[in-house]
Amino acid sequence: MKKIVLFFCMFSFLTTSAQYSNYYSLDVNQNINERIDVSGNLNVNKNISTIDYGQLAIANAQRERNRLESIKYANERERTIAIEIASDPLNAYKYGYEKTFTLNGKDAKEWGFKRFTISYRSPNDAIFVMAGDGRYENVSLDGVTTEITFNGPVYEKENQNYDIEKAGKMENVKEGEINENMGVNGEGIFVHKKDLNRATVYGIQGYKSTLIWEDDYQNTITDNYVSLDKNEGYGILFSVKVRTYGDKDEVTFEQLEGRRYYLRRLVERIISTAFITNVKY
């Protein structure tokens, strides 16, 4: 009886573990030359991966071209612009427009200001469409959704000594295991990888904090772009969230990586050139 219970527990564990992707794990057998005699303990970095970003970008460009070519356009110029954007998404910045809006009174007070005006480049809707205030969305033919969400700037009225680099390192988040209370509704998520890199946000040097994770329903790569302008009061905190995700029954992490890489230059150009003016505290 004990053996049956033990077998059931082991089977349950294996079944539970198998639901998570192993895309970010290194297959030792495929990466070690068989002629080498390996003895003793071998430490393997599970975050090593061999992603061919170039090929993934080419495949994304072709799929985007196919999607855009299937659309009926009002004139040939619109069609030409759409094809240019498919070949290089950064062209969506060139063919976009400046979006500017001002917040006063109660709306501005929510962010610590009396008034401010925010401006950023709205990309051409051939590739990103508005899906709410400050939110843009792109959905690929193979079901990968990319969201750009602009958060309002936050004026630090009190000296809280906020360390954006430390926050970006997510020291409490553990790779390779379930992290509780991090999901949309407070559920646990399995974290594959976290990373921190430099980035320009609203013209200020800051950081891009990356979290690669999945839950029972979606595979997701979340990039949080953050900077702190210390020239104003105790600082103005800028942040933009970019999520690349898809249904885990249909979309793999390789597809997410390819889409993210394909759109990266456009996304980062939009974020880096955003700015605020007409500021009153």
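Every value quoted in this text rests on a predicted model; they were computed, and no experiment measured them.

With antiparallel pairing, the three strands of this open sheet are ordered in space as S1-S2-S12. One side of each edge strand has no neighbouring strand; the edge strands of this open sheet are strand S1 (97-104) and strand S12 (275-280). With direction set aside, neighbouring strand axes in the sheet form an average angle of 15°. Looking at chain direction, S1 and strand S2 (residues 115-122) are connected through eight bridges and run antiparallel. Directly across from Lys99, in S2, lies its bridge partner Tyr120.

Before going further, it helps to examine helix H4 (residues 76-87). End to end, H4 covers 17 Å across twelve residues, agreeing with the expected 16 Å (1.5 Å per residue, within 8%). Of the residues making up H4, those classed as buried are Ile81, Ala82, Ile83, Ile85 and Ala86. Among the structural elements, helix H3 (53-69), helix H5 (91-94) and helix H8 (253-273) are those in contact with the buried residues of H4. Measuring from the side-chain oxygen of the N-cap residue of H4 to the backbone nitrogen of Arg77 gives 3.1 Å; that N-cap residue is Asn75.

Turning next to H3. Helix length check: H3 (17 residues) gives 24 Å between terminal C-alpha atoms against 24 Å at 1.5 Å per residue, within 8%. For H3, the full list of buried residues reads Leu56, Ala57, Asn60, Ala61, Glu64, Arg67 and Leu68. What you see down the axis of H3 is that its buried residues fit within an arc of 140°, all on one side. Where H3 is buried, its residues touch H4, strand S4 (135-139) and H8.

Oppositely charged side chains may form a pair once their charged atoms are brought near each other. In total, this model carries 16 salt bridges according to the counting rule given. Residues Arg121 and Glu98 are paired through a salt bridge, measuring 3.7 Å at the closest nitrogen-oxygen approach. Within this pair, whereas Arg121 is found in strand S2, its partner Glu98 is found in strand S1, the two being separated by 23 residues in sequence. Its salt-bridge partner being Glu268, residue Lys208 comes within 3.3 Å of it at the nearest N-O pair. Placement of Lys208 in strand S9 (residues 204-214) and of Glu268 in helix H8 is noted, with a sequence separation of 60 residues between them. Given the relative accessible area of 28%, Glu268 is considered partly exposed.

What follows concerns the layout of surface pockets. Volume-wise, the largest pocket comes out at about 340 Å³. Around the largest pocket, the lining is made up of 23 residues, and of these Tyr53, Lys208, Glu257, Arg260 and Arg264 lie nearest the centre. When contributions to the lining of the largest pocket are tallied by element, the ones reaching two or more residues are strand S8 (189-201), S9, strand S10 (218-229), strand S11 (236-247) and H8. Here the lining of the largest pocket takes eight residues from H8, the largest share from any one element. Lining the second largest pocket are 15 residues, with Phe101, Leu103, Asp133, Gly134 and Phe150 sitting closest to its centre.

Below, the discussion takes up the confidence of the model for the protein. Counting all residues, the mean pLDDT for the protein is 84, and 84% of those residues have values of 70 or more. The secondary-structure element of the protein with the lowest mean pLDDT is helix H2 (residues 28-31), recorded at 38, while strand S5 (residues 145-150) shows the highest, at 98. Low pLDDT, under 50, characterises residues 1-18; the predicted model gives this stretch zero contacts beyond four residues in sequence or across chains. Of the regions scoring below 50 in pLDDT, residues 27-48 engages in 17 contacts with residues more than four places distant in sequence or in other chains.

Analysis parameters
- Residues numbered from 1 in each chain as written.
- Predicted model: local features only at pLDDT ≥ 70, side-chain atom pairs only at ≥ 80, totals over all residues.
- Heavy atoms only, no water.
- Pairing = 2+ DSSP bridges.
- Helix = DSSP H or I, 4+ residues; strand = E, 2+ residues; numbered from the N terminus.
- Axes fitted to C-alpha atoms, helices over the stretch in contact; angles between N-to-C directions.
- Expected span 1.5 Å × (residues − 1).
- Buried < 20%, exposed > 50% of the residue type's maximum accessible area, 1.4 Å probe, protein only.
- Contact = heavy atoms within 4.5 Å.
- Polar contact = N/O pair within 3.5 Å; in protein donor to acceptor, adjacent residues only side chain to side chain.
- Arc of directions from axis to C-beta.
- Salt bridge = Lys/Arg side-chain N within 4 Å of Asp/Glu carboxyl O.
- 1 Å grid on protein atoms, 1.4 Å probe; cavity = no way out; pocket = protein on both sides within 12 Å on 5 of 7 lines; lining within 4 Å.
- Points joined across faces, edges and corners; volume = space filled by probe spheres on them.
- pLDDT = per-residue confidence, 0-100.

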